[in-house]
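Below, each chain spelled out in residue letters.
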Amino acid sequence: MKTTIKNLALVGLIALPTTAFAGVSSTINATSDYTFNGVSQTDNGPALQASLDYAADAGWYVGTWASNVDYGSGDDTWLELDFYGGMFYQLSDSVSLDAGIAYYTYHGDDMSDEYQYPEVYTKFGYGSSLGQSELNFWYTWDYFGVDAGHYIMMAAHTFTVAEGHDIRISFDRSTSTDENKWAWDGEKAYNHYRAEYMTSWKGFDFNLAVEDTSMDIDTADTRAVLSVARSFNF
């Protein structure tokens, strides 16, 4: 997940469970662009993604996530395969904590295995009558395999506009601790803004997002991203 980067997670990104836990599940997702914190990981092209997760009633979970990637000419890396595990705590009726570690791997080019790196994360959730608020943190000591520290801070809020129709607004900042080893468009850090509409229909989950970053590069400019996903429980 990145610019020539890796969101990661997470999608980073990674979309990890924040509510009920109940055994094995899988999600298939088709998206018009795989963006990680606003940076395309597919050279502004589409992606097909899949996850396989196990979540225990006690709150711990493990999983794996895969997506095609494209880092442009001269790099034949085509697959990102991530592994993660963590623990989800419901601290009160309104407050939750999700903490874990992820490991990102890349495949397809002779140099792809040099990109892999670990990342730890902590996610705080707060639910109220106004919706669901999030405060999330990610940190790695070997970002994208260049032996540089890197961290991401995100604030987000999701609210319901009508039954089955949600809006999520988020802001995050990605920062390198050593810009001589890793820089974002020549800078130490950049900002990412995203607004998305989410709904479901006949078992399919739809997400339409508009996002932008403070960087002036083709893979991180203003864009709309449409995703369609289907989840399965086993």
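In what follows, the structure referred to is the one given above.
Not measured: the values here are computed from a predicted model.

A. Inspection of the overall build of the chain at higher detail. Secondary structure assignment for the chain yields 0 helices and 14 strands. Listing each helix as α and each strand as β along the chain from the N terminus yields β-β-β-β-β-β-β-β-β-β-β-β-β-β. Its C-alpha radius of gyration of 17 Å places the chain within 12% of the 17 Å reference for a compact globule of 234 residues. Within the chain, buried positions represent 46% of all 234 residues. Seen as two clouds, the 11 positive and the 33 negative side-chain charges of the chain have centres 4 Å apart.

B. Geometry of the nonpolar core. Y106, Y143, F144 and W184 are the most contacted members of the largest nonpolar core, which has 27 residues in total. Within the residue set of this core, elements represented by two or more residues are β4 (47-55), β5 (60-68), β6 (79-90), β7 (95-107), β8 (117-128) and β10 (150-162).

C. Main features of the packing of aromatic side chains. By the definition in use, this model includes 17 aromatic pairs. When the centroid spacing of 6.5 Å and the interplanar angle of 40° are considered together, the rings of Y139 and W141 count as tilted. Judged by relative accessible area, Y139 falls into the partly exposed class, the value being 35%. Taking the relative accessible area as the measure of exposure, W141 reaches 42% and is therefore partly exposed. Each ring, one from W182 and one from W184, has its centre 5.5 Å from the other, and the planes form 70°; the classification is edge-to-face. Ring pairing ties together the aromatic residues Y71, Y104, Y106, Y115, Y117, Y143, F144, W182, W184 and Y190, which thus form one cluster. The ring centre of F204 lies 4.7 Å from the NZ or CZ of R230, which sits over that ring.

D. The arrangement of a nonpolar patch on the surface in detail. Side chains of V24, I28, L48, L52, Y54, W60, V62, F232 and F234 sit close together on the surface and give an oily, nonpolar patch of about 840 Å² of accessible area. Secondary-structure elements contributing two or more residues to the nonpolar patch are β1 (23-31), β4 and β5. A per-element tally of the nonpolar patch places β4 first, with 3 residues.

E. Geometry of the pairing of strand β12 (residues 189-201). Bridging between strand β11 (residues 165-176) and β12 involves 11 bridges; their strand directions are antiparallel. Across the sheet, R168 pairs through a bridge with E196, a residue of β12. With 10 bridges joining them, β12 and strand β13 (residues 204-213) adopt antiparallel strand pairing. By the bridge assignment for β13, E196 is matched with A209.

F. Quick peek at a negative patch on the surface. Side chains of D76, D110, D113 and E114 sit close together on the surface and give a patch of like negative charge. If you trace the backbone, D113 turns up in the loop between β7 and β8.

G. Looking closely at the pairing of β4. Here β4 shows a clear split, with A47, Q49, S51, D53 and A55 buried on one side and none of L48, A50, L52 and Y54 buried on the other. Two elements, β1 and β4, share 9 bridges in a ladder whose sense is antiparallel. The partner of S25 across the bridge, within β4, is D53. Remark: 4 residues form the turn of the hairpin made by β4 and β5, two consecutive strands paired antiparallel; G59 in that turn has positive phi of roughly 115°.

H. Just the pattern of salt bridges, in detail. On inspection of all chains with the given rule, the structure shows 7 salt bridges. We note a salt bridge from R168 to E196, for which the minimum N-O separation is 3.3 Å. Of this pair, R168 sits in strand β11 while E196 sits in strand β12, and the two are 28 residues apart along the sequence. Its relative accessible area of 15% is what places R168 among the buried residues. For E196, a relative accessible area of 7% corresponds to the buried category.

I. Just the environment of G149, in detail. In this structure, G149 sits in the loop between β9 (131-140) and β10. Since its relative accessible area comes to 9%, G149 is described here as buried. Considering only alpha carbons, one finds G149 and K181, 32 residues apart in sequence, at a separation of 9.3 Å. Once residues within four sequence positions are removed from consideration, G149 is found in contact with Y139, T140, W141, T175, S176, T177 and D178.

Analysis parameters
Residues numbered from 1 in each chain as written. Predicted model: local features only at pLDDT ≥ 70, side-chain atom pairs only at ≥ 80, totals over all residues. Heavy atoms only, no water. Helix = DSSP H or I, 4+ residues; strand = E, 2+ residues; numbered from the N terminus. Rg over C-alpha atoms; globule rule 2.2 N^0.38 Å. Buried < 20%, exposed > 50% of the residue type's maximum accessible area, 1.4 Å probe, protein only. Lys, Arg positive; Asp, Glu negative; His and termini not counted. Charge placed at Lys NZ, Arg CZ, Asp CG, Glu CD. Core = buried A, V, L, I, M, F, W, Y, C linked by side-chain atoms within 4.5 Å. Phe/Tyr/Trp six-rings, centres within 6.5 Å; stacked < 30°, edge-to-face > 60°. Lys NZ or Arg CZ within 6 Å of the ring centre and 35° of its normal. Patch = residues over 30% accessible without salt bridge, like charges linked within 9 Å, V, L, I, M, F, W, Y side chains within 5 Å. Areas by Shrake-Rupley, 256 points an atom, 1.4 Å probe, with all protein chains shown as cover. Salt bridge = Lys/Arg side-chain N within 4 Å of Asp/Glu carboxyl O. Pairing = 2+ DSSP bridges. Contact = heavy atoms within 4.5 Å.

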